[in-house]
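Understanding the architecture of this molecule
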Amino acid sequence: MITLHALTKIFPGGVHALDDIHLTIADGEFFALLGPSGCGKTTLLRTIAGLETPTRGTVHIDDRNVTDLPPGQRDVAMVFQDYAIFPHMDVTANIAYPLRIKKIPRAERATKAAGVAARLSLTDLLHRRPAELSGGQQQRVALARAIACHPTAFLFDEPLSNLDARLRLEARTFLKRLQRELAVTTVFVTHDQAEALALADRIAVMSDGRMIQVATPAEIFHRPATTFVASFIGSTPMNLLPARATPAALHVAGATLPLPGPLHSGDNLTYGVRPEYMTLSPTERPDAFPGVISVLENLGTHTLVTLETPTGPHIQLVVPEGEEPPPGTPASATPRRALLYRDDTLLTTL
Ligand code: ATP
């Protein structure tokens, strides 16, 4: 279990890379840190690892306060995006390196390294050096080395970012299976929301050194707590449309929708609807966004349709491939599932 209390890191120059973070990561949990560049993900991981000293606050691993302990005494293994495996050592020596540091006898080291290598399908490559391995194989060696020291936690900083799209997908599935088998607490930094959704038990979405939302992937996807989280999550971004309340209805992009509760005309409202949760129809309806199809983008099994509405905003929605009307066609989009934000904070689901 990793517990962060009031964790704050202010770099010289005044950058608040971490701003009063409180978090408990459960034993065996796969926890993803997600957020835009510069939001503090790497700093948080490095602070847990002991590579960065917090300005304030504490880090506990299980019941131990490790805030002032050097990295070597924290019993965590960190894998960085550039793997940092030793070029002059073969695969066995690389995997066995942490065991050598722990002064484990040579024969035992070799047996353990071979065991971990087998688990990661590296057995045929034990005598190769990193230069003779593919990117994906190098990454597996780095993982094997992290596993070999039986840490209490894995800390991964974008470990898949150097892989091409196909390998990355393979590595993702592999990593998830491995983490389940080993049941080791894992903190995983990524700026790829699809990766976080696919891998994590819980995700923290960060911005400017703060955790904006900490929740399960389903919760983050279906109930993003703020418009920032909403705009960050989803392979096609959520439509975020200005909305206006009158005593009788909610008015959004030419549609007249039922009021979800008592709202005021002065409220700063945003209506959020994912492209996947709208139905396109050729006829106008009062509860649908009216418009004209302007752009079609092929997503393979689906088509991303852009609808220009008369009131201004573009609306994007996804329809099954082959069901998209041609550009220039009038159409309307009925929301099936939506969210309402007041002052950029989630008010209710619709
Ligand atoms: P990325 O996705 O680009 O790696 P990140 O979310 O991991 O970004 P961090 O690397 O943690 O972000 O950086 C958080 C903030 O702290 C940034 O504004 C960064 O410029 C700043 N920062 C990081 N390291 C230092 C440092 N050693 N000195 C001063 N500022 C730093």
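Now for a look at the structure at hand. (Residues numbered from 1 in each chain as written. Predicted model: local features only at pLDDT ≥ 70, side-chain atom pairs only at ≥ 80, totals over all residues.)

Right, let's talk about the overall build of the protein for a bit. The number of helices and strands found in the protein is eight helices and 21 strands. A principal-axis box enclosing the C-alpha atoms of the protein has dimensions of 75 × 45 × 35 Å. Here the protein holds 350 residues, and 37% of them are scored as buried. Expressed as a percentage of contacts within the protein between residues at least 6 apart in sequence, the contacts between residues at least 24 apart total 64%. (Helix = DSSP H or I, 4+ residues; strand = E, 2+ residues; numbered from the N terminus. Buried ≥ 20, exposed ≤ 12 C-beta atoms within 10 Å, placed from the backbone. Contact = placed C-beta atoms within 7 Å.)

Moving on: the packing of helix H2 (residues 91–101) against helix H3 (residues 106–119). Here H2 crosses H3 at 120°, and the two axes come no closer than 9 Å. With respect to each other, H2 and H3 are oriented oblique. Note on packing geometry: the crossing formed by H2 with H3 is right-handed. Each of Val-91, Thr-92, Ile-95, Ala-96, Leu-99 and Arg-100 in H2 lies in contact with H3, whose residues at this interface are Arg-109, Ala-110, Lys-112, Ala-113, Val-116 and Ala-117. Partitioning the contact of H2 with H3 into residue classes produces eight nonpolar, one polar and three charged. (Axes fitted to C-alpha atoms, helices over the stretch in contact; angles between N-to-C directions. Parallel < 35°, antiparallel > 145°, perpendicular 65-115°, else oblique. Left-handed = near helix turned anticlockwise from the far one by under 90°. Nonpolar A, V, L, I, M, F, W, Y, C, P; charged D, E, K, R; others polar.)

One open sheet holds the six strands; their spatial order is E13-E12-E11-E14-E20-E21, and the pairing between them is antiparallel. Edge positions in the sheet fall to strand E13 (255–257) and strand E21 (345–349), since each of these pairs with one other strand and no more. Between one strand and the next, the sheet's axes are offset by a mean angle of 35°, whatever the strand orientation. Alignment of strand E11 (residues 239–245) against strand E12 (residues 250–252), held across three bridges, turns out to be antiparallel. Opposite Ala-245, over in E12, you have Leu-250 as the bridge partner. (Pairing = 2+ DSSP bridges.)

A word on unusual backbone geometry. A positive phi angle, near 50°, is found at Asp-62, a position not held by glycine. For Asp-62, a count of 13 C-beta atoms within 10 Å corresponds to the partly exposed category. Backbone geometry places Ala-253, a non-glycine residue, at a positive phi of 45°. With respect to the helices and strands, the residue Ala-253 is situated in the loop between E12 and E13. Given 23 C-beta atoms within a 10 Å radius, Ala-253 is considered buried.

Attention shifts here to the site of the ligand. In the neighbourhood of the ligand, 13 residues make up the surrounding shell, with Phe-11, Ala-17, Ser-37, Thr-42 and Thr-43 lying closest. Looking at the shell around the ligand, the elements with two or more residues in it are strand E2 (15–25) and helix H1 (41–49). No other element matches H1, which puts three residues into the shell around the ligand. (Near = placed C-beta within 6 Å.)

Three or more residues of H2 are buried, namely Val-91, Thr-92, Asn-94, Ile-95, Ala-96, Pro-98 and Leu-99. Lys-103 sits one or two residues past H2 and shows a positive phi near 60°.

Spatially, the four strands line up as an open sheet ordered E2-E1-E4-E5, and their pairing is antiparallel. Every interior strand has two partners, whereas the edge strands, E2 and strand E5 (64–65), have only one. Bridging between strand E1 (residues 2–11) and E2 involves seven bridges; their strand directions are antiparallel. The residue bridging Ile-10 from the neighbouring strand is His-16, located in E2. Against the sheet, H1 engages E1, E2 and strand E4 (56–61), with an angle of about 60° to E2.

For a regular strand, the rule is simple: side chains alternate between the two faces of the sheet. Strand direction decides the pairing type here: strand E3 (residues 30–34) and strand E9 (residues 202–207), joined by four bridges, are parallel. By the bridge assignment for E9, Leu-34 is matched with Val-205. Sheet analysis places E9 next to strand E10 (residues 210–215), joined by five bridges and oriented antiparallel. Paired with Val-205 across the strands is Gln-213, a residue of E10. In this structure, the hairpin formed by E9 and E10 is closed by a connection of two residues, where Asp-208 is found at a positive phi of approximately 50°.

On to the pairing of strand E8 (residues 185–190), then. Counting buried residues in E8 gives six out of six residues, a clear majority hidden from the surface. Burial along E8 is two-sided: Thr-185, Val-187 and Val-189 and Thr-186, Phe-188 and Thr-190, pointing in opposite directions, are all buried. Relative to E8, E3 runs parallel, the two being bridged by five bridges. Its bridge partner being in E8, Phe-31 is matched across the sheet by Val-187. Both strand E7 (residues 153–157) and E8 contribute to a ladder of five bridges, which runs parallel. Bridge pairing links Phe-154 to Thr-186 in E8.

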